[in-house]
Amino acid sequence: MGTDEPQERPWPWLFAGLLLLLGLLVADASWAQPRGESLSRPSVALHYGVAPPIDELQAFDIAVIDPDHIADVTTLPRRHTAWYAYVSVVEMQPSRAVFRDVPAAWVRGENADWGSRLIDQAAPGWNDFFVARVIAPLWNRGYRGFFLDTLDSYHRFALTPQEKTAQEEALVALVNTLHERFPGIALIFNRGFEILPRLRGKVAMVAAESLYLRYDATASRYGEVPAADRDWLAAQLRRAQVEHKVPVLVIDYAPYAQRAAAREAAARIRADGFIPWVANGAHDILGVGDIEVEPRRIALVTDRAPGVDFQHSAAVRYLALPLHYLGYTIDVFDTAERNLPPKIADGRYAAIVTWFSQPVQAANAQFQSWLAGQLDAGLRLVMMQSPGIEVDSALGRRLGFAVFDQLDGELKAIARNPIVGIEAPPPLQARDARPLRVASATPVLRLAAAGGATIDAIGITPWGGFALAPYTITTGTLELGPRWIVDPIEFLRLALGAPAHPVPDVSTEAGRRLLLVHIDGDGFPSRAEMPGTPYASEALLREILMRYRIPHTMSVIQGEIAENGMYPELAPALEDIARRIFALSHVELASHSFSHPFYWRALAAARDDAAAKRYAQILNLRIPGYRFNLAAEIGGSATYIDRKLAPPDKRTKVFLWTGDTVPTTEAVAEADRAGLLNMNGGETLATRSAPTLALMSGLGLRRGAGLQVFAPNQNENLYTNNWTGPYYGYQRAIETFELTETPRRLKPINIYYHTYSASKQASLAALHRVYRWALAQPTVPVFASDYIRKVHDFHRLAIARDWRADVPTWRIRGDGELRTLRIGSGQAVDLAASRNVGGVGSGPGGRYLHLTDAASEVRLPAATVANPVHVREARGWLREFRRSDSGISFALHSYTQSGFTLAGAAGCRVSADGHELTAVRIDSSTASYELPAGEVSTTSKISRVDVICR
């Protein structure tokens, strides 16, 4: 549309936005507030696939979904998003359950393109049928918005003016009935131009398909819209927008592989003043609209050894941490299981990353064709360790691989990126190298033999990248263990083409490193090696818990302390100790199971009595008369704690995995059903003698629909050679904490041990040393449940690019538990133009942005801007942040004594809860403030801070 076309005014959008708010039950209506280039109109997405990406769709203000594919609408995240049910009006698919009750007399034909039936809107009884059988059930399920499709399909059978008038009258009557029966209903029309003039105020939005790009369902073909059709539709949409004062949504079509074309079409639609949505013909991908969701999932494909759980597979052990640090989540697939999803190029996945030990064609003959299909659809590929494919196959040649004869002698690096050799030097014997060249590869490590032949060992390609053995990781000697040859974080950043969006970070809160303590209950009845030989649990209470009053998550094993456990005669004394521990205000309640399973999967496989008896002595504690039961282990043990040990104001929040910490999918689901957060597992054990990323684990692992959250650090058992000594070994956890802080902050500080650490003087001394070190660091102490929720939010968080802004602007939406984003050390941020961002501070590996709400916007300009007063760091977390011309205000939450540092606060007056604060330290740019200390409890303290700068 030309530049001399009439431009829409802002007030119709504001008016339409108010209409959209009615009846949507959306807690966050922030899209109706103009913010810089973020327009007042809502962003919209459509997804009709069988498994809609709910987490990603929460980035949009309105998401239209097929209600048949959502079992429980009440579980949808409604804080940011209004969920509209897709409803076809004039057409109905025979596959819909309700169609079997449609009388044959109502059917007026068929739309062969989609296989649907055309319904006579003027047929007696249709109005009541549609209201009662289609809309009312969806309304009762919780939907308040409806996308009414096929409103103009009556033109296919109503051929005379009289027939068309009858259909239009019926449709008008239908819409009026919907408003009468369902007060507050919000309707989006797909077309329906003929009936709009008679329904003023009853339509929230008008949509239309194919303004620039169209989809031919019959031929399964995409193409350009003819100019005449485009001009006619644009005129109709402009009339709806200007005369009827409703926002207009334009739905265009492009396959996922043509992402650039989709962005271009969306930009043209946006320039015309309409809301864009460009997706594929089936509407089963995340398309491009005013915002575009950043794909954050990685399909990690591997060939683990038989019987090895994904947690212990090389792919997860070595790649989870680098990928999580870069902001990606992982879904792990085993080629031998033949469970590869048919299509992952749907807007959720950023790439496929493989870790193979050998070609997988023998294990899965379909793998190469599957992989080729994903590449055709536009996904990137990163190959680690072994290509996995036959390099001399058609796919290998397509990727540019060329194989030649094995070389001999010593190799020389003729191209070597500084990221090579970070922990171990690359081997230079030709017999160790894979004789491959890769056309069009930008070398990260290229080697040459004496005769001049070259080998590509590590490279970046147009399709992604590769890092092949033996130039990825070396197992080293028995003493040294594994070491990375190439920096996996920087290599993956290059190969994945990691975008410039801010990265969610669970290690940090308000610029400070998190500190959490959690205790496995093992050894609760043990006797301590000290005068009077008290129980280890009594010593723990006296020596540790009453001395270090910071948040602790404490667990017990029911079978160790209860009267139906191993020591019924000790139950009264042990339960009394547990009650006193759980009564402490800074202790959070957790369960460590009923019988402490050592091998969860083996126990779950012991289906018959004989197997259960055979395994009983080696797979869990020997408890008379007990047979393994998931409900008893998880929910039942938590119920025992709540009923017999918990004070009135507390309940069990966390379940800590036991033994090998490899739960089954069913076990994780059982914890979810019991309302318990879960944690433990992972293999983070880097020390000065093994300072390697190869011994640092990721955040967790998806198991079915659930998530196993890994402990950030390992416990004292691993630092003491499985509790055989030296018993002071846990003091080496300090080395791990230091290595996971610099040069990158990879983990929070996690003090993690068992009750039996209080049974020996050496182990107690190690605990005191670790606590003193941790408390001397600038941290934000939290409970384990807080950290676990952050990891869950990391996996669910939606990050989307807002294309309406004139500088890169990112929309962040989640649960509000993860409140830190990391950007590059040199990256500028415009705090005044961002929303719900309380400040920024520098730290290891980058700058940390402090989010203050579950919905935030971050603007990252190319050049540095002068930011107004903001929070540089705080001992707590920020909520209810407000910025005005006169300064800022916020609520500061903390479990311990809180304080904060302001930047740009020269001349500002600062008060907390109405009392003026005096700066402890002031320089040219910063001022720090302390707040009064208070008792630590499982409920955070809140201080309301006002900063007035004029």
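One structure accompanies this document, and this report is about it.

1. A closer look at the environment of Leu326
Here is step 1: Structurally, Leu326 can be placed in the loop between helix 7 (314-325) and strand 17 (329-334).
Here is step 2: Residue Leu326 is classed as buried on the basis of its relative accessible area of 6%.
Here is step 3: C-alpha of Leu326 to C-alpha of Asp505: the two residues are 179 residues apart in sequence and 9.1 Å apart in space.
Here is step 4: Not counting chain neighbours up to four residues away, the residues in contact with Leu326 comprise Ile489, Leu492, Arg493 and Val503.

2. Focus: helix 8 (residues 367-376)
Here is step 1: Most of helix 8 is tucked away, with 7 of its 10 residues classed as buried.
Here is step 2: Those residues of helix 8 that fall on the buried side of the exposure criterion are Phe367, Gln368, Trp370, Leu371, Ala372, Gln374 and Leu375.
Here is step 3: In this structure, the buried residues of helix 8 make contact with strand 16 (297-302), strand 18 (349-355), strand 19 (380-385) and helix 9 (394-398).
Here is step 4: Looking one or two residues beyond helix 8, the residue adopting positive phi is Gly378, at roughly 110°.

3. Observations regarding the pairing of strand 30 (residues 512-520)
Here is step 1: Summarising burial for strand 30: 9 of the 9 residues are buried, a large majority.
Here is step 2: Here strand 29 (residues 508-509) runs beside strand 30; their pairing, made up of 2 bridges, is antiparallel. Within the sheet, the bridge partner assigned to Thr508 lies in strand 30 and is Arg513.
Here is step 3: The hairpin formed by strand 29 and strand 30 contains 2 residues between the paired strands, and Ala510 there has a positive phi angle of roughly 50°.
Here is step 4: Here strand 30 runs beside strand 38 (residues 779-781); their pairing, made up of 3 bridges, is parallel. When the bridges of strand 38 are listed, Leu514 appears paired with Val780.
Here is step 5: Examined bridge by bridge, strand 30 and strand 31 (residues 552-556) share 2 bridges and lie parallel to one another. What sits directly across from Ile519, in strand 31, is Met554.

4. A look at the pattern of salt bridges
Here is step 1: Scanning the model with the defined rule gives 51 salt bridges in all.
Here is step 2: Between Arg108 and Glu163 there is a salt bridge, with the nearest N and O atoms lying 3.6 Å from each other. Pair noted here: Arg108 is in strand 5 (residues 107-111) and Glu163 is in helix 4 (residues 161-181), with a separation of 55 residues, a long-range link.
Here is step 3: The salt bridge involving Arg398 is made with Asp376; its shortest N-O contact spans 2.8 Å. Within this pair, whereas Arg398 is found in helix 9, its partner Asp376 is found in helix 8, the two being separated by 22 residues in sequence.
Here is step 4: For Arg398, a relative accessible area of 44% gives the class partly exposed.
Here is step 5: Salt bridges linked by common partners bring Arg41, Arg270, Asp290, Asp802 and Arg804 together as one network.

5. Details of the sheet that holds strand 49 (residues 909-912)
Here is step 1: If you walk across this open sheet you meet the 5 strands as 46-47-53-49-50, and the pairing is antiparallel. Pairing within the sheet leaves two strands with one partner each, and these edge strands are strand 46 (877-884) and strand 50 (915-916).
Here is step 2: Pairing of strand 49 with strand 53 (residues 941-948) involves 4 bridges; the strand directions are antiparallel. Each residue of the ladder has a partner; that of Ser911, found in strand 53, is Asp946.

What counts, and where the lines are drawn
- Per chain, residue numbering runs from 1 following the sequence as it is written.
- Totals for whole chains, interfaces and linings use all residues, but because this is a predicted model, local features are given only for residues with pLDDT of at least 70 and pairs of side-chain atoms are given and counted only at 80 or more.
- The side-chain figures draw on all heavy atoms in the structure; neither hydrogens nor water molecules are used.
- Numbering goes from the N terminus for both helices and strands, where a helix is a DSSP run of H or I of at least four residues and a strand is a run of E of at least two.
- Note on exposure labels: buried denotes an accessible area under 20% of the residue type's maximum, exposed denotes more than 50%, and partly exposed covers the range between, all computed with a 1.4 Å probe on protein chains only.
- We call two residues in contact when some of their heavy atoms are within 4.5 Å.
- At least two bridges found by DSSP between two strands is the condition for calling them paired.
- Salt bridge, as applied in this entry: a Lys or Arg side-chain nitrogen positioned within 4 Å of an Asp or Glu carboxyl oxygen.

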